[in-house]
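# Structural description and commentary
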Amino acid sequence: MSRRLVAVIAVIVILIAAVGAGAYIVLTAPAARNVLVVGTTEREETLDPADAYNYMSVNFLQNTMATLLTYNQSGDGSLIPMLLTVVPTTQNGGISSDGLTYTLHLRSGATFEDGAPINASTVKYSIDRSVKALLDNAVTPPETRLSVPSFLLDPIRSAHAYLENFTNRVEDPANTTQQQVDQTWANYSTGQAQGVEVVDATTVKIHMGRPWSPMVLLLAFTSLAPVNPTVFKTDAFKPLASSISASGPYRIDTFVSGERAELVRNPRYFGAPAAMERVVIRFYSDSSALAIAMATGEIDVAYRNLNPEAYRAFSTNTANFKAQQGTSAVIRYLVFNNRTAPFNDKRVRQAFAYAVNRTSIVSTVFLDSVDPLYSLIPSGMFGHTDVFKTRYSRNIAAAQALLTQAGFSTTNKLRFTLWYTPVRYGSTEADVATLVKQALEQTGMVSVTLQSQEWLVYRQSFRLGQFSVFLLGWFPDYLDPDDYTYPFLHYASGGSASFGSWYQNDSVDTLINLQATQPIASTQRAQTLSQIQDALANDVPYLPLWQTSQQVVYKPSISGVILDQSQFFRYFTLRVS
Amino acid sequence: MPRTQASLRAYVVQRLLLTGPMVLILLTLVFYFLRAAPGDPVGAILGEHSGPLADSIRRQLGLYDPLYVQYVDYLRRIFTGDMGNSIITQHSVAADIAQRLPATIELTVASMFVAVLAGMLLGVVSATRRDRPADVISRLVAAVLYNTPIFWFGIIMQLVFAVQFRWFDSGGRLSAQFAIPPRVTGLYTIDSLVAGQFRTFIDAVAHLILPALTLGLVLAGFFARLVRANMLQSLQADYVEAARARGIRPLDVFYRHALKNAMVPVSTAMGLTFAILMSGAILTESVFSWEGIGRYIFTAISNRDYPALQGAVVYYALIMVFLSVLIDIFNAWIDPRIRY
């Protein structure tokens with residue numbers, strides 16, 4: 001045989017072997033999985049219900065943990081039972097007539113992922129843990145964030161004393177002893193005046209320290225979701241990477257922070273099984289990366305946060321994409337420091353209410369994807385009235401008249417700095433500030449300088465009273481008018497100070513206290529809220545600007561997308577056809 | 001021959017001995033700059049909470065200690081691997097970095113491969129066809145690449161190859177359709193092969209292509225200029241002249257004699273380029289949603305996540321020191337003239 005022939009045979013043999021090996025590998029390799037892919041720019045911070053307070057953390061928990069109540073899937077924002085058998089009301093005896101006791105009836109048979117039962121003592125354990133565990137963690141390690149949702153549980157009986165003592169102990173160890181803290185904790189958790197009481201295996205009573213009607217909404221919030229005591233310890237937050245022992249429609253299969261999370265149907269879930277076996281959530285760096293991923297078809301659903309231009313482009317391309325917009329309870333507004341001149345003069349603030357141009361912001365910056373807002377209570381929520389619309393239609397002459405009364409003129413202009421923060425509220429913020437400036441300067445009596453600071457510094461600055469006028473936004477803690485009035489306008493509790501406005505109106509404080517005790521959707525409460533909003537429009541401590549919307553873009557093959565005011569984005573209803 | 005080996009050994013020992021002080025100087029600089037920078041770390045951590053609480057936390061962080069006590073504590077913590085906890089993720093910084101490092105290594109190595117390959121190609125083409133159209137074009141391409149902003153280039157790559165042609169995904173390290181391979185090295189390309197998941201491997205490589213091209217091509221411009229300059233120099237050297245005179249084939253002269261010698265400065269530059277690569281990785285990782293150290297540093301900076309930033313910078317610095325030692329030793333090995 002010639003060498004040439006040997007070479008040819010060798011090449012043929014190698015080729016056949018290579019092709020065979022390749023074919024073997026390809027044919028026996030696991031096939032690509034059938035999954036539904038959701039893209040987002042949001043990031044989780046924790047997967048511990050006692051600690052979860054940012055959007056994505058809560059969202060993961062909502063899809064994996066059963067809460068006591070939940071929001072109706074029809075999107076009307078009404079509450080329905082989840083772990084409970086019925087939504088407590090005064091009519092059915094779930095809420096006592098004095099508003100001080102909530103009796104919760106649990107369904108039987110609900111379990112965690114590992115089969116451990118969810119019963120009355122689990123519920124007590126979890127609520128107590130939400131009051132306590134986070135605070136122990138707040139000091140060690142010191143780097144830990146302090147914005148944990150424990151403060152929401154303050155109205156529960158004996159919780160207030162404990163939380164207060166604990167905070168005092170942390171802030172000033174000399175004046176509060178550890179013994180005092182332990183004593184108040186014992187009072188809260190086991191004493192005669194305990195907050196959460198186990199009645200029997202399926203009945204729990206929550207005792208309130210004061211009547212507080214929004215409490216029923218908290219039953220749908222993740223910080224009251226029962227947790228598995230073997231996984232969630234009282235003395236520490238759960239590390240992000242470990243199992244959360246799911247009780248909801250999905251369980252977490254893979255979690256690589258910043259890269260992807262994979263949710264798999266939870267076989268032990270007591271409710272209707274999730275539509276898709278597996279949902280993958282992919283994390284993108286920013287809105288443009290998310291938009292590109294949607295355009296290429298790598299993801300099936302893009303939820304939070306596309307910029308307005310991208311959303312508009314997708315919504316006009318109806319052949320390839322479906323775009324859906326829903327209401328949101330996030331509001332944006334201008335804050336006045338009510339203590340510093342000249343903004344301590346009501347007439348100046350009222351003049352701004354006449355001069356501001358909401359429609360130009362809504363149409364120019366947001367391409368009409370958001371709605372103008374005329375009260376602090378968002379439109380669509382119980383008690384909302386369009387107070388600023390009725391009182392101040394845009395009127396430059398009226399603004400000029402008020403400014404003249406306050407001592408300003410075209411030669412003696414009101415000069416001030418309008419502050420904004422460039423990242424937290426998205427890339428649109430500088431444009432908004434510019435439009436506010438333009439609208440105010442149309443009076444000819446105002447001269448605005450724009451300045452910005454990064455969020456962490458910004459937050460410090462306004463709380464120290466260093467800004468006179470600045471842009472701010474509010475992501476609600478619970479969907480109730482209380483959350484849009486109490487923190488903003490209540491002076492005695494330090495609410496208005498925490499917003500850098502220092503608004504003080506004692507009659508408003510009284511009205512706010514009153515509405516929290518009135519039945520949640522009653523006409524009396526609506527009246528009280530209306531009075532509060534009248535005072536708001538008269539005093540203008542804040543200038544409401546717009547109410548954001550939530551937007552989702554998805555492939556036409558996807559169904560089951562629900563956008564409602566609760567902001568609860570459900571993965572378990574999504575389906576690929 | 002034994003003499004050369006002995007001198008190489010001496011060089012390596014000397015080089016390693018020098019590394020100690022070098023690391024110390026580096027860590028000192030990091031310590032100094034992070035403390036000299038404006039902004040109070042406790043204010044950044046607590047935000048609205050100030051007063052007595054901030055005071056007690058400053059005490060816990062040791063910020064009231066004299067600077068030398070803080071410094072010693074800082075060094076102790078680095079050498080015990082305890083970099084504190086990130087404010088944002090709340091994990092230990094060391095664990096955060098360990099999780100993200102493989103992603104950055106995968107990207108950096110692939111980019112280096114692209115950079116060297118494309119750079120050499122352009123450089124050699126230029127040098128061999130000096131002042132002819134091919135040279136002019138290569139030089140132009142190199143200059144354009146070298147001056148291209150990575151951020152912009154990355155987005156253009158996405159728009160062309162991901163959105164327009166749909167050849168690749170626009171970002172991420174793996175398609176959602178593939179499960180992440182069991183972690184061995186954390187490099188998806190290697191882990192998928194270890195697990196025998198061939199299709200996952202192909203998918204991981206496909207996801208590497210766009211970011212590696214983006215980062216690699218920008219650096220290729222730099223290499224092309226370097227290779228060209230060095231090639232031209234060595235082509236004029238006496239030994240090349242001599243080789244030509246002996247009648248050795250031009251191609252052999254070129255590759256065996258000229259190119260080999262031109263590579264010494266290039267390989268030195270490769271070490272330095274790793275530093276540029278790492279900083280380029282911050283932008284590339286952001287554009288391609290590539291969850292590595294670059295993106296971690298980016299988030300740490302924008303959130304004033306002081307422990308995370310300090311930790312990541314220290315790790316970066318240590319990696320750079322390690323690489324430069326490696327490159328120096330490699331150079332000393334290929335070029336016996338390099339000695340102290």
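Calculation notes
Residues numbered from 1 in each chain as written. Chains lettered and ligands numbered in written order. Predicted model: local features only at pLDDT ≥ 70, side-chain atom pairs only at ≥ 80, totals over all residues. UniProt positions renumbered as here; feature names shortened; annotations may be inferred. Helix = DSSP H or I, 4+ residues; strand = E, 2+ residues; numbered from the N terminus. Buried ≥ 20, exposed ≤ 12 C-beta atoms within 10 Å, placed from the backbone. Contact = placed C-beta atoms within 7 Å. Rg over C-alpha atoms; globule rule 2.2 N^0.38 Å. pLDDT = per-residue confidence, 0-100. Domains from an automatic or database assignment. Nonpolar A, V, L, I, M, F, W, Y, C, P; charged D, E, K, R; others polar. Pairing = 2+ DSSP bridges. Core = buried A, V, L, I, M, F, W, Y, C linked by C-beta atoms within 7 Å. Axes fitted to C-alpha atoms, helices over the stretch in contact; angles between N-to-C directions. Left-handed = near helix turned anticlockwise from the far one by under 90°. Parallel < 35°, antiparallel > 145°, perpendicular 65-115°, else oblique. Expected span 1.5 Å × (residues − 1). Arc of directions from axis to C-beta.

Going by what an unreviewed UniProt entry lists, chain B is known as ABC transporter permease and is assigned to Eiseniibacteriota bacterium. Quoted straight from UniProt, the Sequence similarities (unreviewed entry) entry for chain B says "Belongs to the binding-protein-dependent transport system permease family."

When its secondary structure is counted, chain B shows 13 helices and zero strands. For chain B, the N- to C-terminal ordering of α and β elements is α-α-α-α-α-α-α-α-α-α-α-α-α. By the burial criterion, 39% of the 340 residues in chain B qualify as buried. Counted over contacts in chain B with a minimum sequence separation of 6, partners at least 24 positions apart contribute 71%.

The number of helices and strands found in chain A is 18 helices and 18 strands. Taking 25 Å as the expected radius of gyration for a compact globule of 577 residues, we find that chain A reaches 28 Å, a close match to that expectation. Over its C-alpha atoms, taken along the principal directions, chain A stretches across nearly 110 × 65 × 50 Å. Look at the contacts in chain A between residues 6 or more apart in sequence, and 68% of them connect residues 24 or more apart.

Let us now look at the confidence of the model for chain A. Chain-level pLDDT for chain A is 89 on average; 93% of the residues reach the 70-or-more range. Predicted confidence for residues 135-147 of chain A stays below pLDDT 50, and this span has 24 contacts to residues more than four positions away or in other chains.

Residue and element names in this part refer to chain A. Here chain A is described as being made up of domain 1 (3-45 + 243-320 + 552-576), domain 2 (55-224) and domain 3 (331-547). Between domain 2 and domain 3, the C-alpha centre-to-centre distance is 32 Å. The class makeup of the residues in the side of domain 2 that touches domain 3 is eight nonpolar, four polar and no charged.

Taken together, the 11 bridges between strand E11 (residues 322-336) of chain A and strand E16 (residues 542-554) of chain A define a ladder with antiparallel strand orientation. Along E16 of chain A, the bridge assignment pairs arginine 332 of chain A with tryptophan 546 of chain A.

This next bit is on the UniProt feature "transmembrane region" (unreviewed entry) in chain B. All names here are of chain B. UniProt feature "transmembrane region" (unreviewed entry): in the numbering of this structure it lies at residues 12-34, 109-128, 140-165, 204-224, 262-283 and 313-334. Helix makes up 100% of residues 12-34 and strand 0%, whereas the separation of the span's terminal C-alpha atoms amounts to 33 Å. For residues 204-224, the helix share is 100%, the strand share is 0%, and the end-to-end C-alpha distance is 28 Å.

Atom-level detail of predicted coordinates should not be read off regions where pLDDT is low. Residues and elements named next belong to chain B. Mean pLDDT over chain B: 83, with 89% of residues reaching 70 or higher. Confidence, expressed as mean pLDDT per element, reaches its minimum in chain B at helix H2 (residues 41-46) with 58 and its maximum at helix H8 (residues 188-194) with 94. In the predicted assembly, ipTM is 0.82 and pTM is 0.85.

Our next topic: the nonpolar core. Val279 and Phe470 of chain A together with Ala220 of chain B are the most contacted members of the largest nonpolar core, which totals 214 residues. Ranked by the residues each element gives to this core, the list is headed by helix H9 (residues 198-235) of chain B, at 17 residues. In this structure, alanine 220 of chain B is in contact with Val114, Ala115, Ala118, Gly119, Leu122 and Leu145 of chain B, ignoring residues within four places of it in sequence.

A word on the packing of helix H5 (residues 93-128) of chain B against H9 of chain B. Between two packed helices, what matters for the description is the angle formed by their axes and the separation of those axes. Residue and element names in this part refer to chain B. Put simply, H5 and H9 touch, their axes get as near as 5 Å, and they point 40° apart. By crossing handedness, the relation of H5 to H9 is classed as right-handed. Of the residues belonging to the contact of H5 with H9, the class tally is 27 nonpolar, five polar and two charged.

What follows is about the pairing of strand E4 (residues 101-105) of chain A. Residues and elements named next belong to chain A. Here E4 shows a clear split, with Tyr102 and Leu104 buried on one side and none of Thr101, Thr103 and His105 buried on the other. Examined bridge by bridge, E4 and strand E6 (residues 203-207) share five bridges and lie antiparallel to one another. Its bridge partner being in E6, tyrosine 102 is matched across the sheet by isoleucine 206.

Attention now moves to the packing of helix H11 (residues 250-287) of chain B against helix H13 (residues 306-334) of chain B. All names here are of chain B. Closest axis-to-axis distance for the H11/H13 pair is 9 Å, and the angle between their directions is 175°. Our classification of the angle between H11 and H13 gives roughly antiparallel. Contacts between H11 and H13 pair Val264, Ser267, Thr268, Met270, Gly271, Phe274, Ala275 and Met278 from the former with Tyr316, Met320, Leu323, Ser324, Ile327, Phe330, Asn331 and Ile334 from the latter. When the residues that make up the contact of H11 with H13 are grouped by side-chain class, the tally is 11 nonpolar, five polar and no charged.

Each strand in a sheet pairs with its neighbour through backbone hydrogen bonds, running either in the same direction (parallel) or in the opposite one (antiparallel). All names here are of chain A. Here we have three strands laid out as an open sheet, ordered E4-E6-E5, and antiparallel in their pairing. Edge positions in the sheet fall to E4 and strand E5 (196-200), since each of these pairs with one other strand and no more. The mean inter-strand angle of the sheet, taken between neighbouring strand axes irrespective of direction, is 25°. With four bridges connecting them, E5 and E6 associate as antiparallel partners. When the sheet's bridge partners are listed, aspartate 200 is paired in E6 with threonine 203.

Right, let's get into the environment of threonine 89 of chain A. Residues and elements named next belong to chain A. Note on placement: threonine 89 falls in the loop between strand E3 (79-81) and E4. With 10 residues separating them in the primary sequence, threonine 89 and glycine 99 have C-alpha atoms 9.7 Å apart. Sequence-distant contacts of threonine 89, defined by excluding residues within four places in its chain, comprise Gly94 and Ile95.

Here we come to helix H2 (residues 55-64) of chain A. All names here are of chain A. Of all 10 residues in H2, nine are buried; the element is thus mostly enclosed. Every buried residue belonging to H2 is among Met56, Ser57, Val58, Asn59, Phe60, Leu61, Gln62, Asn63 and Thr64, and all of these are buried. Taken together, the buried residues of H2 touch strand E7 (250-256) and strand E8 (260-265).

Let us look at the environment of arginine 43 of chain A. All names here are of chain A. By the element assignment, arginine 43 lies in the loop between strand E1 (36-40) and H2. Taking C-alpha positions, arginine 43 is 29 Å from threonine 434, a pair spaced 391 residues apart along the chain. The contact partners of arginine 43, leaving out residues within four places of it in the chain, are Met56, Gly258 and Phe283.

Next up on the list: unusual backbone geometry. In the segment running from arginine 304 of chain A into asparagine 305 of chain A, the intervening peptide bond is cis, with an omega of 0°. Position of asparagine 305 of chain A among the secondary structure elements: in the loop between strand E10 (301-303) and helix H8 (308-316). A cis amide bond, omega -5°, links alanine 341 of chain A with the succeeding residue proline 342 of chain A. On the secondary structure map, proline 342 of chain A appears in the loop between E11 and helix H9 (346-355). Of note, serine 289 of chain B is a non-glycine position whose phi angle comes to about 45°, a positive value. Note on serine 289 of chain B: 26 C-beta atoms within 10 Å, which makes it buried.

Further remarks concern helix H6 (residues 133-146) of chain B. Residues and elements named next belong to chain B. With 14 residues, H6 extends 20 Å from end C-alpha to end C-alpha; this agrees with the ideal 20 Å at 1.5 Å per step. For H6, every residue scored as buried is listed here: Ser138, Ala142 and Leu145. In a view along the axis of H6, the buried residues occupy a sector of 65°, so they form one face of it. Opposite its buried face, H6 presents the exposed residues Pro133, Leu140 and Val144, each directed more than 90 degrees away.

Below, the discussion takes up the environment of serine 245 of chain A. Residues and elements named next belong to chain A. Inspection of the secondary structure assignment puts serine 245 in the loop between helix H6 (215-218) and E7. Sequence spacing of serine 245 and valine 231 is 14 residues, and the spatial spacing of their C-alpha atoms is 7.0 Å. Filtering out sequence-adjacent residues up to four positions away, serine 245 remains in contact with Phe112, Glu113, Asp114, Asn228 and Val231.

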